[in-house]
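Each chain, written out:
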Amino acid sequence: MVEAQTALDVALEQLRIAAEKLDLDPDIHEMLKHPKRSLIVSIRTKMDDGGTCVFTGCRVQHNDARGPFKGGIRYHPDVTLDEVTALAMWMTWKCAVADIPYGGAKGGVCCNPKEMSEAERERLTRRYTSLLLDFIGPYRDVPAPDLYTDAQTMAWIMDTYSQFKGYSVPECVTGKPLSVGGSEGRAEATSRGVVLCARESAKHLGLRLKGATVAVQGYGNVGWNAAKIAYDMGCKIVAVTDSRGGIHCPNGLNPYEVYEHKSKTGSVVDYDGCENITNEQLLETKCDVLIPAALENQITKANAGNVKAKILAEGANGPTTPEADKVLREKGIFLVPDILANSGGVTTSYLEWVQNLTREHWTLEDVNQKLEDKMVRAFNDVYRVAKKEESDMRTAALILGVGRVSEAMKTLGLWP
Ligand code: NAD
């Protein structure tokens, strides 16, 4: 295999592997290599100093054979069309693996939100939404938050869309605040799914999750909630990190208290009773479960050999490179791939959409039970494919996802 360079290279290589295993129709393979539609927009935005800036944004709609497009919107200075295309493709497989009736999409705006005021971000979001109006909507393409966009951003999108329609359309986006139709449990859903995958993996490996040691990279939305949920399920959290470094405590730490410490000091580092560690050390910590929940490309050929965890559940998107995958497989580490492990977020987004469409609001218990049922079913579906194909879980998830999408495309046929 040629060493993959970009996210899109990796995504296309993964598709190639799945296509080979599935003996995929070459026409369908060719179509799946490309997004159905990519829209590039120039977003002229009023800035607080009275001037204007033109930001470049895009929305990539990869495939909608199984249902409306679905995917987050990220604001980041490094956003590129290629990266967004890869992320849109992964959303297609993720929704298919989770078996929710959506296709895959992703959006991005090349900007530095950290250097913008809230008013500037609001004007940017509303203008970007106005440029996407003909391409998004509850039955077309349903955006959600991603890097540096949040529930408030979704509320601005919902309001802009609704103002144009002339009536309130909460089902046009997910990940909204509760006050405008958001779902109970959405904020923690990705992490709950990650921990449920770790629990199911432990069952197959004959490990008990209660008392299992867990290390978490990243203490943002996914990382902190994963540490909290694992702790509440009886795990021992032995190490956590954020962008400034991390802490190690072999006897176990209380993630709620670490969260308070981070809120006060800005980082998990220097927490009483723990030894400070680097992010590199965290990935090599002796533990049963390792949850990377920060950035992509963290576990590489260089450090994969030093990973000591028995289970690696990918909270982040793309934390493990294809070369590292091979090393981990040889070491017998049970890896739950991102398109399965972090699919709890989009699954609860789907539950939010259904609540909005039916004008209902479910309890937290209802939402969490439905999420658990769907996560466990998805995990078992992937595990069955892995057994049948004698493959690792990542390849199995791709075979399942690509297979379901291709089946839908064949059934729909080609018009005209
Ligand atoms: P976030 O911004 O809330 O948190 C990111 C965390 O990573 C922060 O604690 C930050 O300090 C830390 N971090 C940054 N650089 C680091 C480094 N070099 N080493 C260690 N930690 C570092 O983001 P999030 O929403 O928690 O997302 C994390 C990952 O999970 C991303 O890959 C995202 O795409 C993925 N993901 C998120 C969701 C979701 O629902 N939020 C869903 C699916 C996938």
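Scroll up to find the structure.
Because the structure is predicted, anything quoted here is derived from the model rather than measured.

## Remarks on the overall build of the protein
For step 1, the next point in the chain: Within the protein, the secondary structure is distributed over 15 helices and twelve strands.
For step 2, the next point in the chain: Dimensions along the principal axes, computed over C-alpha positions, put the protein at roughly 55 × 55 × 45 Å.
For step 3, the next point in the chain: Taking all 416 residues of the protein together, 58% fall into the buried category.
For step 4, the next point in the chain: Taking as baseline every contact in the protein between residues at least 6 positions apart, the subset at least 24 positions apart corresponds to 67%.
For step 5, the next point in the chain: Counting every atom, the protein has about 18,100 Å² of accessible surface; 50% of that belongs to carbon and sulfur.

## Description of the side chain of K106
For step 1, the next point in the chain: Mapped onto the elements of the fold, K106 is located in strand β4 (residues 104-110).
For step 2, the next point in the chain: By relative accessible area, K106 is classed as buried at 4%.
For step 3, the next point in the chain: Only 3.1 Å separates the side chain of K106 from the side chain of D146, close enough to count as a polar contact.
For step 4, the next point in the chain: If we ignore the near neighbours within four places in the chain, the residues touching K106 are R59, V60, G72, V84, L87, A88, M91 and D146.

## Some words on the sheet that holds strand β5 (residues 141-145)
For step 1, the next point in the chain: On the basis of which strands lie adjacent, the open sheet formed by five strands has the order β1-β2-β4-β3-β5 and mixed pairing. Looking at the sheet topology across the chains shown, the edges are occupied by β1 (37-46) and β5. For this sheet the average axis-to-axis angle between neighbouring strands, irrespective of direction, equals 20°.
For step 2, the next point in the chain: In this sheet, strand β2 (residues 52-63) lies alongside β1 in antiparallel orientation, the contact comprising ten bridges. Residue pairing in the sheet places V41 in a bridge with G57 of β2.
For step 3, the next point in the chain: Along the sheet face, helix α4 (residues 118-132) touches β1, β2, β3 (69-75) and β4 and points at about 140° away from the line of β1.

## Looking at helix α2 (residues 26-33)
For step 1, the next point in the chain: Within the span of α2, buried status applies to I28, H29 and L32. Angularly, the buried residues of α2 cover 105° about the axis, an arc narrow enough to put them on a single face. Opposite its buried face, α2 presents the exposed residues P26 and D27, each directed more than 90 degrees away.
For step 2, the next point in the chain: On its buried side, α2 packs onto α1 (7-22), β2, α3 (81-97) and α15 (393-412).
For step 3, the next point in the chain: Measuring from the backbone nitrogen of D27 back to the side-chain oxygen at the start of α2 gives 2.8 Å, which picks out D25 as the cap.

## Examining empty space enclosed by the protein
For step 1, the next point in the chain: In the structure shown here, the tally under the stated rule is one cavity of 30 Å³ or more.
For step 2, the next point in the chain: Approximately 30 Å³ is the volume attributed to the largest cavity.
For step 3, the next point in the chain: Taken together, V195, A198, L209, V214, A230, V289 and I291 make up the full set of residues lining the largest cavity.
For step 4, the next point in the chain: When contributions to the lining of the largest cavity are tallied by element, the ones reaching two or more residues are α6 (186-205) and β10 (289-292).
For step 5, the next point in the chain: Residue composition of the lining of the largest cavity, grouped by class: seven nonpolar, no polar and no charged.

## Regarding the pattern of salt bridges
For step 1, the next point in the chain: Enumeration over the complete set of coordinates arrives at 27 salt bridges.
For step 2, the next point in the chain: Between K176 and E352 there is a salt bridge, with its nearest N and O atoms 2.7 Å apart. With a gap of 176 residues between them, K176 in the loop between α5 (151-165) and α6 and E352 in helix α13 (residues 344-357) connect regions that are remote in the sequence.
For step 3, the next point in the chain: Taken together, the shared-partner salt bridges in this structure form one network comprising R74, E83, K106 and D146.

## Points about the packing of α1 against α3
For step 1, the next point in the chain: Two elements in contact, α1 and α3, have axes separated by 7 Å at closest approach and are oriented at 35°. The handedness of the crossing between α1 and α3 is left-handed. Residues A7, L8, V10, A11, L12, Q14 and L15 of α1 lie in contact with α3, whose contacting residues are D82, T85, A86, M89, W90 and W93.
For step 2, the next point in the chain: A class-by-class count of the residues in the contact of α1 with α3 yields ten nonpolar, two polar and one charged.

## Here's the deal with unusual backbone geometry
For step 1, the next point in the chain: In this structure, P416 follows W415 across a cis peptide bond, with omega equal to 0°.
For step 2, the next point in the chain: With respect to the helices, strands and loops of the structure, P416 is situated in the segment after α15.
For step 3, the next point in the chain: Positioned with a positive phi, D99 is a non-glycine residue whose angle comes to about 55°.
For step 4, the next point in the chain: Mapping D99 onto the fold places it in the loop between α3 and β4.
For step 5, the next point in the chain: Accessibility expressed as a relative area gives 40% for D99, which makes it partly exposed.
For step 6, the next point in the chain: Although it is not a glycine, Y148 adopts a positive phi angle of roughly 60°.
For step 7, the next point in the chain: Structurally, Y148 is set in the loop between β5 and α5.
For step 8, the next point in the chain: When its relative accessible area of 44% is taken as the criterion, Y148 is described as partly exposed.

Definitions and limits used
- Residues numbered from 1 in each chain as written.
- Predicted model: local features only at pLDDT ≥ 70, side-chain atom pairs only at ≥ 80, totals over all residues.
- Heavy atoms only, no water.
- Helix = DSSP H or I, 4+ residues; strand = E, 2+ residues; numbered from the N terminus.
- Buried < 20%, exposed > 50% of the residue type's maximum accessible area, 1.4 Å probe, protein only.
- Contact = heavy atoms within 4.5 Å.
- Areas by Shrake-Rupley, 256 points an atom, 1.4 Å probe, with all protein chains shown as cover.
- Polar contact = N/O pair within 3.5 Å; in protein donor to acceptor, adjacent residues only side chain to side chain.
- Pairing = 2+ DSSP bridges.
- Axes fitted to C-alpha atoms, helices over the stretch in contact; angles between N-to-C directions.
- Arc of directions from axis to C-beta.
- 1 Å grid on protein atoms, 1.4 Å probe; cavity = no way out; pocket = protein on both sides within 12 Å on 5 of 7 lines; lining within 4 Å.
- Points joined across faces, edges and corners; volume = space filled by probe spheres on them.
- Nonpolar A, V, L, I, M, F, W, Y, C, P; charged D, E, K, R; others polar.
- Salt bridge = Lys/Arg side-chain N within 4 Å of Asp/Glu carboxyl O.
- Left-handed = near helix turned anticlockwise from the far one by under 90°.

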